[in-house]
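Here's the letter readout for the chains.
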Amino acid sequence: MNKDCIFCRIIDQEIPSQVIAEDNNVLVIKDINPQAPIHYLIIPKKHVVDIGALTVQDTHLASSLLLMAQKLSTFPGCDQFKLHSNNGPAAGQVVFHIHIHFLAGW
Ligand code: AMP
Ligand code: ZN
């Protein structure tokens, strides 16, 4: 938990969010500024700044993110989807806690 991190505070329920799915490692919320008819954020519950900061100890966590995308793809309107993850400010990362954007519903 990093108290300066908005996603850690959402995971700790200090800040409200619309939760779509959850498992032991991962939380999925609705993006507040959707860029597609369906726009979810797949967020590890552990604070990791970006993909570059993952270590071999995070192997299970990293695979949990993709398996959560697969689970979301079974939800109505979600069978065809895009994933993207901004890593670093130049790539558009604004929240420095890994998240994968799940876009669907066209
Ligand atoms: P990125 O630019 O990849 O760091 O994306 C950050 C994303 O987090 C943006 O799409 C924002 O709309 C989204 N976001 C920021 N704050 C919240 C929040 N409180 N609840 C849901 N989504 C948020
Ligand atoms: Zn965090």
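See the structure printed just above.
Below, the structure is looked at part by part. Keep in mind that this is a model prediction, so the values were computed, not measured.

1. Focus: the overall build of the chain
No. 1: Scanning the chain for helices and strands turns up 2 helices and 5 strands.
No. 2: Taking 2.2 N^0.38 as the reference for a compact globule, 106 residues should give roughly 13 Å; the C-alpha atoms of the chain span a radius of gyration of 13 Å, in line with that estimate.
No. 3: With the C-alpha coordinates aligned to their principal axes, the bounding extent of the chain is approximately 35 × 30 × 30 Å.
No. 4: For the chain, the residues scored as buried account for 39% of the 106 residues in total.
No. 5: Considering only contacts within the chain whose residues lie at least 6 apart along the sequence, 54% involve residues at least 24 apart.
No. 6: When the accessible surface of the chain is split by element, carbon and sulfur atoms take 56% of a total near 6,300 Å².
No. 7: Between the mean site of the 7 positive side-chain charges and the mean site of the 9 negative ones, the chain shows a separation of 2 Å.

The rules behind the values
- Residues numbered from 1 in each chain as written.
- Chains lettered and ligands numbered in written order.
- Predicted model: local features only at pLDDT ≥ 70, side-chain atom pairs only at ≥ 80, totals over all residues.
- Heavy atoms only, no water.
- Helix = DSSP H or I, 4+ residues; strand = E, 2+ residues; numbered from the N terminus.
- Rg over C-alpha atoms; globule rule 2.2 N^0.38 Å.
- Buried < 20%, exposed > 50% of the residue type's maximum accessible area, 1.4 Å probe, protein only.
- Contact = heavy atoms within 4.5 Å.
- Areas by Shrake-Rupley, 256 points an atom, 1.4 Å probe, with all protein chains shown as cover.
- Lys, Arg positive; Asp, Glu negative; His and termini not counted.
- Charge placed at Lys NZ, Arg CZ, Asp CG, Glu CD.

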